[in-house]
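Below are the chains, spelled out letter by letter.
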Amino acid sequence: MFSPILFGFSKPNSCLILIFFLSYFHHLPCALSQRELRLCHHRFQCGNFTAGFPLWGESRPQPCGHPSLELHCDQSSNKTFFIISGQMYSVLQIDNSTNTLRLARQDFLGESFCNATFTGTTLTPELFQLSPDYKTLFVHYLCNERLHNPSNFKCAKIGIASVHQDNNYYENCGASFNITVPTNYAPEEEALNMTRLGSVLREGFVVKLKYDERPCQECQSSGGICGYDVSTPICCKTNSSGSVIACSQMIPSKSN
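- As recorded in an unreviewed UniProt entry, the protein goes by non-specific serine/threonine protein kinase and comes from Eutrema salsugineum.

1. Examining the packing of aromatic side chains
(1) Moving on: This structure, assessed with the given rule, holds 11 aromatic pairs.
(2) Moving on: A centroid spacing of 5.9 Å and a plane angle of 80° characterise the contact between Phe53 and Tyr211, whose relative ring orientation is edge-to-face. Separated by 158 residues along the polypeptide, Phe53 in the loop between β2 (49–51) and β3 (72–74) and Tyr211 in the loop between β12 (205–209) and α4 (213–221) bring together distant segments of the chain.
(3) Moving on: When the centroid spacing of 5.7 Å and the interplanar angle of 40° are considered together, the rings of Phe108 and Phe113 count as tilted.

2. Concerning the nonpolar core
(1) Moving on: Residues Leu71, Phe82, Leu103 and Phe128 are the most contacted members of the largest nonpolar core, which totals 23 residues.
(2) Moving on: For this core, the secondary structure elements donating two or more residues are β1 (44–46), β2, β4 (79–84), β5 (87–95), β6 (100–105) and β12.
(3) Moving on: Per element, the largest residue contribution to this core is four residues, and it comes from β12.
(4) Moving on: Discounting residues that sit within four places of it in the chain, Phe128 has contacts with Leu69, Phe82, Ile84, Leu123, Val207, Lys208, Leu209 and Lys210.
(5) Moving on: The next biggest cluster of nonpolar side chains, apart from the first, holds 20 residues, and it includes Phe108, Leu137, Ala161 and Val181.

3. Side note on the pairing of β12
(1) Moving on: Most of β12 is tucked away, with four of its five residues classed as buried.
(2) Moving on: Strand direction decides the pairing type here: β6 and β12, joined by four bridges, are antiparallel. Of the residues in β12, the one forming a bridge with Leu101 is Val207.

4. Comments concerning empty space enclosed by the protein
(1) Moving on: Applying the stated rule across the entire model yields one cavity of 30 Å³ or more.
(2) Moving on: Of the volumes computed, that of the largest cavity is approximately 40 Å³.
(3) Moving on: Every residue along the wall of the largest cavity is listed here: Asp107, Phe108, Leu109, Gly110, Ser112, Phe113, Ala116, Leu201 and Arg202.
(4) Moving on: Looking at side-chain class alone, the lining of the largest cavity contains five nonpolar, two polar and two charged residues.

5. Here we look at the sheet that holds strand β8 (residues 134–143)
(1) Moving on: Spatial strand order, β9-β10-β8-β11: four strands in an open sheet with antiparallel pairing. Of all the strands in the sheet, the pair left with one neighbour each is β9 (152–155) and β11 (173–182). Across the sheet, the mean angle from the axis of one strand to that of its neighbour is 30°, orientation sign disregarded.
(2) Moving on: By the bridge criterion, four bridges tie β9 to strand β10 (residues 159–164) in an arrangement that is antiparallel. When the bridges of β10 are listed, Lys154 appears paired with Ile160.
(3) Moving on: Running over the sheet, helix α3 (residues 194–202) touches β9, β10 and β11 and is turned about 60° from β11.

Cut-offs applied
- Residues numbered from 1 in each chain as written.
- Predicted model: local features only at pLDDT ≥ 70, side-chain atom pairs only at ≥ 80, totals over all residues.
- Heavy atoms only, no water.
- Phe/Tyr/Trp six-rings, centres within 6.5 Å; stacked < 30°, edge-to-face > 60°.
- Helix = DSSP H or I, 4+ residues; strand = E, 2+ residues; numbered from the N terminus.
- Core = buried A, V, L, I, M, F, W, Y, C linked by side-chain atoms within 4.5 Å.
- Buried < 20%, exposed > 50% of the residue type's maximum accessible area, 1.4 Å probe, protein only.
- Contact = heavy atoms within 4.5 Å.
- Pairing = 2+ DSSP bridges.
- 1 Å grid on protein atoms, 1.4 Å probe; cavity = no way out; pocket = protein on both sides within 12 Å on 5 of 7 lines; lining within 4 Å.
- Points joined across faces, edges and corners; volume = space filled by probe spheres on them.
- Nonpolar A, V, L, I, M, F, W, Y, C, P; charged D, E, K, R; others polar.
- Axes fitted to C-alpha atoms, helices over the stretch in contact; angles between N-to-C directions.

See the structure below:
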């Protein structure tokens, strides 16, 4: 039995101490979190696409996945998209067996490359690994009109532009941004084929989700639910009555 001297606090202080212990051991999330975590059995679904941990979105609430891996569904077209660093990406393919996604910038899906936003984007390296079948090229624009290059092209809103393997043409151009293309794509030596470039960009590129799969597999095999507490992966389980969820941090596998 607890000592009355040790625990002889007023009711408000006792409540504060209780809240401290509960939050410290992370075994009793708030009621809303319990409801959300129970929904993590559901998979994201949009058209023909389905996805689970570490992705979330639609019927899968935020605690079911990493905060930066939210999928969105356009209900009118059944198309799936990401918003990463303020840039919208259309999801062209989800391969759950390899944890890979095929993405394409939404502004590159139009008929003309010249209608794109001409801003560079960077996928979060902690979350995405670009497939080795793809590489980065640089589009330089607002270039000096006296600069003659076989890969030059012209768009109404950005003037003279060109595509290069590296980013070393800044002295002759006002700005640049990056694009992702297959490794076997190279700008034409005589004249840039804009139709071909647009077609290549509309096909998108492949990235692999970077996360440790084994802890979630072990969690699920024991009847647990995989989720996230902010950016920390957790495994949550119900007690014998099924009324409370107890969560603990998933331990990375030794191979990582």
